[in-house]
Every structure is written in C-alpha cells, then in structure tokens.
Amino acid sequence: MTHRLFDFAAMPPRDVYKLLIGTVVPRPIAWVTTRSPEGVANAAPYSFFNCLSSDPPILALGVENRDQQRFKDTAWNIRMTEEFTVNIVDMANMDAMNVTATPFAPEVDELEMAGLTAAPGLKVSCPRIAEAPVAFECRRHVGIEIGRSREIILGEVLCAHVREGLTDPARLHTDPLKLDAVGRMGGHGYSRTRDCFDLPTMSVAEFEASPLAARRRAG
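> Hey, could you run me through the overall build of the chain in this one?
When helices and strands are counted, the chain shows seven helices and 12 strands. For the C-alpha atoms alone, the extent of the chain along its principal axes is close to 70 × 50 × 30 Å. Across the 219 residues of the chain, 34% fall into the buried class. For the chain, contacts bridging at least 24 residues in sequence account for 59% of all contacts bridging at least 6. Distance between charge centroids for the chain: 6 Å, based on 24 positive and 28 negative side chains.

Put into structure tokens, the structure is as follows:
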C-alpha cells in the first residue's frame with residue numbers, strides 16, 4: 001500500500017484547503033445566528049466546527065475572513081456582542097440553510113430571506129432558528145486569530161433547546177435517526193447521518209479475547 005506525500009509548506013493555501021475539506025469528512029455544520037450591534041439578525045453555516053469540551057461546555061467555530069481581510073458578519077457580530085447561537089442543520093432545513101450561505105449585504109436578514117422563524121434567545125440577545133432541531137446559546141469565551149485569514153471562536157454553551165422527542169430526558173440519549181443531522185463533505189458535497197452503527201469500546205480483557213488479538217499473537 002503506497003501513499004502520496006503532500007507537503008503543506010510547499011502548497012498554496014487554497015490547495016491545502018481543498019485537501020483538508022475533502023479528507024476531514026463528514027464535518028458537522030454550525031448554523032450560526034447572531035445579531036449585529038444595529039439589531040439586524042444574521043445566519044450563516046460553517047463546517048469548521050466541533051464540540052471541544054463538556055466541562056466547561058465549549059463549541060469551536062473556524063471563521064474565514066472575506067477578501068481584503070474584512071470580517072464576515074458572523075465574526076464581527078460575535079466580536080461586538082459577545083454572543084451567538086449554534087443551530088444544528090437537519091435534512092428538512094437543507095434548502096433554507098443553503099439560502100443563508102448566500103453572501104448578502106450586512107443589512108440583510110438571512111432568516112427572513114430563507115423564510116425561517118427567529119425565536120428569541122433565553123440567555124442571549126440573538127435569535128435561534130425555531131425550525132432547527134437543536135440550538136445552543138453561547139457566550140464568546142475567547143477568539144484566537146490564526147494568521148491573517150481566519151479566527152477560531154470558542155463559545156461557552158449557556159443552554160440548549162432540543163426538539164421534543166429527540167432526546168430521552170432521563171438518559172439524555174439523542175436518537176440520531178430522528179435528529180437527521182447533515183454533515184459537510186468536500187466541494188459542494190453533503191452527507192446524511194442516517195447510515196450509522198454502534199461499536200462499543202473494548203475492555204483490555206475483551207481485546208485479549210478478540211480475533212484481532214489472536215492474530216497478533218499468532219504472528
């Protein structure tokens with residue numbers, strides 16, 4: 001089995017980007033809602049996103065600047081208001097999510113353009129998307145500038161809104177089929193999360209009794 005080496009130091013940033021987004025897949029999508037200092041609601045999807053910690057509960061966004069290093073509306077609003085909400089994208093909201101990815105002017109309300117309902121935040125001033133199955137209200141924890149083109153924003157989750165029937169309130173297990181979340185692939189690609197399976201982590205004793213361990217002992 002052979003592998004091709006890609007030396008990132010010798011590659012232009014755009015080529016590095018294409019290689020990363022095509023291989024680090026599927027990526028969860030943060031459908032981020034904010035409110036500008038002037039009071040205009042904003043919504044945009046980001047796939048450089050994940051959960052980094054549960055104690056404290058921290059979500060991370062990677063937001064790339066526009067041309068000439070201008071802030072995107074999301075990054076600017078978070079910097080100025082210290083608040084944002086991460087909404088989870090499900091299959092039912094794909095078309096609306098795609099509308100909010102359109103590079104509208106800052107004074108345009110993407111929620112209105114996409115026909116979405118802005119539900120008031122409980123602990124933050126920016127809205128959540130009522131149609132989204134899950135929404136996390138966040139306070140900006142810290143922003144980390146990565147070079148000139150990108151900022152990583154860490155947000156502390158203050159509360160979560162979860163659609164009734166998705167999560168068992170006693171066990172806190174969420175049904176992935178009912179959630180029907182969508183992931184991001186490379187290029188214009190997306191993936192569904194309905195094709196899933198369970199694989200419990202083994203104890204050392206279970207590993208030693210497994211066929212893999214037996215093959216390893218045999219040579």
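> How should I be thinking about the nonpolar core in this particular structure?
Generally speaking, a soluble globular protein has its nonpolar side chains buried in company with each other. One finds Val 32, Leu 61, Phe 84 and Val 86 to be the most contacted residues of the largest nonpolar core, which totals 15 residues. Sorting the residues of this core by element identifies strand 2 (30-35), strand 3 (41-46), strand 5 (57-64), helix 2 (73-81), strand 6 (83-88) and strand 10 (150-162) as the ones contributing at least two each. It is strand 5 that provides the largest number of residues to this core, a total of three residues. Those residues within four positions of Phe 84 in sequence are excluded, and the remaining contacts are Val 32, Thr 33, Thr 34, Leu 61, Ile 78, Cys 126, Phe 136, Glu 137, Cys 138, Arg 140, Ile 153 and Gly 155. Membership of the second largest hydrophobic core comes to 14 residues, among which are Trp 31, Met 97, Leu 116 and Ala 132.

> Hey, could you run me through the pairing of strand 3 in this one?
In summary, the side chains of a regular strand alternate between the two faces of the sheet. Most of strand 3 is tucked away: five of the six residues are buried. Pairing of strand 2 with strand 3, which is carried by six bridges, proceeds in the antiparallel orientation. Counterpart to Trp 31 in the pairing with strand 3 is Pro 45.

> Please explain the sheet that holds strand 9 (residues 134-146) as it appears in this structure.
Adjacent strands of a sheet pair through backbone hydrogen bonds, lying either parallel or antiparallel. Ordered in space as 3-2-6-9-10-5-4, the seven strands form an open sheet in which the pairing is antiparallel. Only two strands of the sheet have a single partner each, and these edge strands are strand 3 and strand 4 (49-54). On average, each strand axis in the sheet is tilted by 35° relative to the strand beside it, whichever way the strands run. As judged from the seven bridges shared by strand 5 and strand 10, these two strands associate in the antiparallel manner. Counted as the bridge partner of Val 63 is Glu 151 from strand 10.

> Looking at this structure, how should I read the environment of Met 97?
Residue position: Met 97 is located in helix 3 (residues 94-100). The exposure class assigned to Met 97 is buried, which follows from its relative accessible area of 1%. With 14 residues separating them along the chain, Met 97 and Leu 111 place their C-alpha atoms 9.3 Å apart. Excluding anything up to four places from it in sequence, Met 97 contacts Trp 31, Pro 45, Val 89 and Tyr 190.

> It is not clear to me how the environment of Ala 114 should be interpreted in this structure. Could you clarify?
Mapped onto the elements of the fold, Ala 114 is located in the loop between helix 4 (110-113) and strand 7 (118-119). Linking Ala 114 and Pro 127, residues 13 residues apart in sequence, is a C-alpha distance of 15 Å. Those residues in contact with Ala 114 that lie beyond four places of it in its chain are Ala 96, Val 99 and Thr 100.

> Just checking my understanding: could you explain the sheet that holds strand 11 (residues 182-184) for this structure?
Taken in spatial order, the three strands make up an open sheet running 1-11-12, and their pairing is antiparallel. One side of each edge strand has no neighbouring strand; the edge strands of this open sheet are strand 1 (27-28) and strand 12 (190-192).

> What am I meant to see in the pattern of salt bridges here?
Opposite charge on two side chains makes pairing possible when the charged atoms of those side chains draw close. Under the criterion given, the structure shown has nine salt bridges. A salt bridge links Glu 151 to Arg 79; its shortest N-O distance comes to 3.4 Å. Taken together, the positions of Glu 151 in strand 10 and Arg 79 in helix 2 put the pair 72 residues apart, joining distant regions of the chain. Taking the relative accessible area as the measure of exposure, Glu 151 reaches 4% and is therefore buried. Put simply, Glu 151 and Arg 140 hold a salt bridge, and the shortest N to O gap is 4.0 Å. Highlighted residues: Glu 151 in strand 10 and Arg 140 in strand 9, separated in sequence by 11 residues. In this structure, a network of salt bridges that share partners links the residues Arg 79, Glu 82, Arg 140, Glu 145 and Glu 151.

Thresholds applied
Residues numbered from 1 in each chain as written. Predicted model: local features only at pLDDT ≥ 70, side-chain atom pairs only at ≥ 80, totals over all residues. Heavy atoms only, no water. Helix = DSSP H or I, 4+ residues; strand = E, 2+ residues; numbered from the N terminus. Buried < 20%, exposed > 50% of the residue type's maximum accessible area, 1.4 Å probe, protein only. Contact = heavy atoms within 4.5 Å. Lys, Arg positive; Asp, Glu negative; His and termini not counted. Charge placed at Lys NZ, Arg CZ, Asp CG, Glu CD. Core = buried A, V, L, I, M, F, W, Y, C linked by side-chain atoms within 4.5 Å. Pairing = 2+ DSSP bridges. Axes fitted to C-alpha atoms, helices over the stretch in contact; angles between N-to-C directions. Salt bridge = Lys/Arg side-chain N within 4 Å of Asp/Glu carboxyl O.

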